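Listed below are the residues making up each chain.
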Amino acid sequence: MRWNIFCQIIDNYGDAGVCWRLARSLTSLHSQEVRIFCDDLPTLNLLASGTDPEILRRIDLQPWEASYCNSRHPVQTPDVVIEAFGCELPERYVAGLLIAPKKPIMINLEYLSAEPWIVDFHQKASPQAHGIPKYFFFPGFQPETGGILIDPIPNLANIDPANIPASLSASWELMRSNAKRISVFCYPGAPLLRWLQDLGTLGEDIDVILTYGQLEQLQLSTGHRTQALKLPDSIQLISIPFVSQDEYDWTLSQCDFNIVRGEDSFIRAQLAGKPFIWHIYPQEDRAHEVKLAGFLDLYLEEASSELKHAVIAAMTWAMPNEWFQSMDSWSTHSKAWHADLLNKQADGGLATRLMRFVA
Ligand code: TRH
């Protein structure tokens, strides 16, 4: 079938990251034809840049306005229209659909949430004045939701630490063989400098991989750009460039602990099978705290009360000295969660459930 995905980028990379990952799944795993209309092509192109040219070839990236300037090239009528994260479709595009011989199905693809209430809205009709059928589709962890966008599933057994991606080889040279590794991808609001200083008092050598833009974020947080970041010798900061989604997955799998954020890296950290802090996208009305609690209810369902306290402390930015002693039991727990997640998504997760629903 022919899919049109509309991607409106609010900020950061996740809107583009999720749309790109979905397009990859639909084309490479489900042989669909996908066109993405995006209002910030440079960000989407950044996400797409490292992708296998074979996959890149099969996904048509278009600027937002190309969806209704059919004077130049008539937009072929799609079978499915995805409004990613509830974005508004261009009116002239919808008008074009109304005069098409065959009406598409519209899907409002929501943000991922672990909250129980999404089950009641998932796959529900969302009647529109224009009469084209439209449905809610809620990604989620529970069985009766849209599932998780899990592709490509990193096969942890054969992720070879020796075949370092070219874009990371210079950074990987700096790693100390005996040091623990932590990757960092969080929002400016995190108390990261204090967190790293506290980490440095644990008496362990730790190499901290700062993903694209994180070092600048850290320097800004000190307020004095020129002041060198005062950290204990046990902490080594290693900055890496923006790498492809698959190379980022590789980085997550090579670390002992990952700090992730938003929606997509949040899932990738779980698929890496390692302990992680989820720095959830902060919202004014503190709705993010409800979202985090919803996830931790699921994530910690089987955990001991000691591990529960340690993980909740870590996820709410308590200093490492308060919870680092639980790292071993957290590592075991994260492997069990990884297996459980893949088991629950054994049907292929979000992309497969979308295909089934549309069919
Ligand atoms: O960038 P994010 O903070 O995006 C967020 C979320 O999408 C959130 O839901 C949304 O409300 C907010 O934006 C506006 O975090 P996220 O979701 O992890 O997306 C990052 C994407 O970038 C993800 O696909 C991983 C990818 N990535 C790379 O491909 N290479 C890299 O080097 C890094 C650091 C990330």
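Going by the structure above, here's the rest.
We now turn to the structure provided with this report. (Residues numbered from 1 in each chain as written. Predicted model: local features only at pLDDT ≥ 70, side-chain atom pairs only at ≥ 80, totals over all residues. Heavy atoms only, no water.)

## Focus: the state of the cysteines
Heads up, the rule is: Two cysteine sulfurs form a disulfide in these notes if their separation is within 2.5 Å. Under the scheme applied here, a residue whose accessible area is under 20% of the maximum for its type counts as buried, over 50% as exposed, and between as partly exposed, the area being computed with a 1.4 Å probe on protein chains only.
For the structure shown, the criterion picks out 0 disulfides. Here Cys 19 stays free of any disulfide, with the sulfur of Cys 7 as its closest cysteine sulfur at 3.6 Å. On the basis of relative accessibility, which here comes to 2%, the residue Cys 19 falls in the buried class. Counting only cysteine sulfurs, Cys 38 is the nearest neighbor of Cys 69, a cysteine outside any disulfide, at a range of 15 Å.

## Quick notes on a nonpolar patch on the surface
Heads up, the rule is: A patch is a set of surface residues, each over 30% in relative accessible area and not in a salt bridge, joined within 9 Å for like charges and within 5 Å for the nonpolar side chains Val, Leu, Ile, Met, Phe, Trp and Tyr. Note on areas: Shrake-Rupley with a 1.4 Å probe; residue coverage comes only from the protein chains shown. Between Lys or Arg on one side and Asp or Glu on the other, a salt bridge is scored when a side-chain nitrogen of the former is within 4 Å of a carboxyl oxygen of the latter. In this text, helices come from DSSP runs of H or I with a minimum length of four residues, and strands from runs of E with a minimum of two, each type numbered from the N-terminal end.
On the surface, Ile 10, Tyr 111 and Tyr 281 cluster together into a nonpolar patch covering about 280 Å² of accessible area. Mapping Ile 10 onto the fold places it in the loop between strand S1 (2-7) and helix H1 (14-29).

## Concerning the side chain of Gln 32
The cut-off we apply is this: We call two N or O atoms a polar contact when they sit within 3.5 Å, provided that within protein one can donate a hydrogen and the other can accept it, with sequence-adjacent residues counted only if both atoms are side-chain atoms. The contact criterion used is simple: two residues touch if any of their non-hydrogen atoms lie within 4.5 Å.
Along the chain, Gln 32 turns up in the loop between H1 and strand S2 (33-38). Judged by relative accessible area, which is 9%, Gln 32 ranks as buried. Polar contacts involving the side chain of Gln 32 include one to the main-chain amide nitrogen of Met 1, which spans 3.0 Å. Reaching out from Gln 32, the side chain makes a polar contact with the side chain of Trp 3 at a distance of 2.7 Å. Those residues in contact with Gln 32 that sit more than four places away from it in its chain are Met 1, Trp 3, Leu 26, Thr 27, Arg 58 and Met 355.

## Remarks on the site of the ligand
So the rule is basically this: Definition of nearness: a residue and a molecule or strand are near each other if at least one heavy atom of the residue lies within 4 Å of the molecule or strand. Basically, the charged four are Asp, Glu, Lys and Arg, the nonpolar ten are Ala, Val, Leu, Ile, Met, Phe, Trp, Tyr, Cys and Pro, and anything else, Gly included, counts as polar. Throughout, the edges of the domains are those of an automatic or database domain assignment.
Lining the immediate surroundings of the ligand are 22 residues, of which Tyr 187, Val 243, Arg 261, Asp 264 and Ser 265 lie closest. Backbone polar atom of Asp 15 to an oxygen atom of the ligand: 3.5 Å apart, as the coordinates give it. Note that an oxygen atom of the ligand is positioned 2.7 Å from one of the side-chain N or O atoms of Arg 261. Coverage of the ligand by the protein chains reaches 97% of its 710 Å² of free accessible surface. Looking at the shell around the ligand element by element, the count peaks at 3 residues for H1. Grouping the constituent residues of the shell around the ligand by class yields 9 nonpolar, 8 polar and 5 charged. Domain assignment of the residues forming the shell around the ligand places at least three in each of domain 1 (2-152 + 346-358) and domain 2 (156-344).

## Let's talk about the packing of aromatic side chains
Applicable threshold: Pairing of aromatic rings covers Phe, Tyr and Trp, the last counted by its six-membered ring, and requires centre-to-centre distances within 6.5 Å; plane angles under 30 degrees mean stacked, over 60 mean edge-to-face, and any other angle means tilted.
For the structure shown, the criterion picks out 35 aromatic pairs. Seen in terms of ring centroids, Trp 117 and Phe 121 are 5.6 Å apart; in terms of plane orientation they differ by 85°. Their pairing is edge-to-face. Consider the rings of Tyr 212 and Phe 242, whose centres lie 5.6 Å apart with planes at 90°: the pair is edge-to-face. Pair noted here: Tyr 212 is in the loop between strand S8 (206-210) and helix H8 (214-222) and Phe 242 is in the loop between strand S9 (235-239) and helix H9 (245-254), with a separation of 30 residues, a long-range link.

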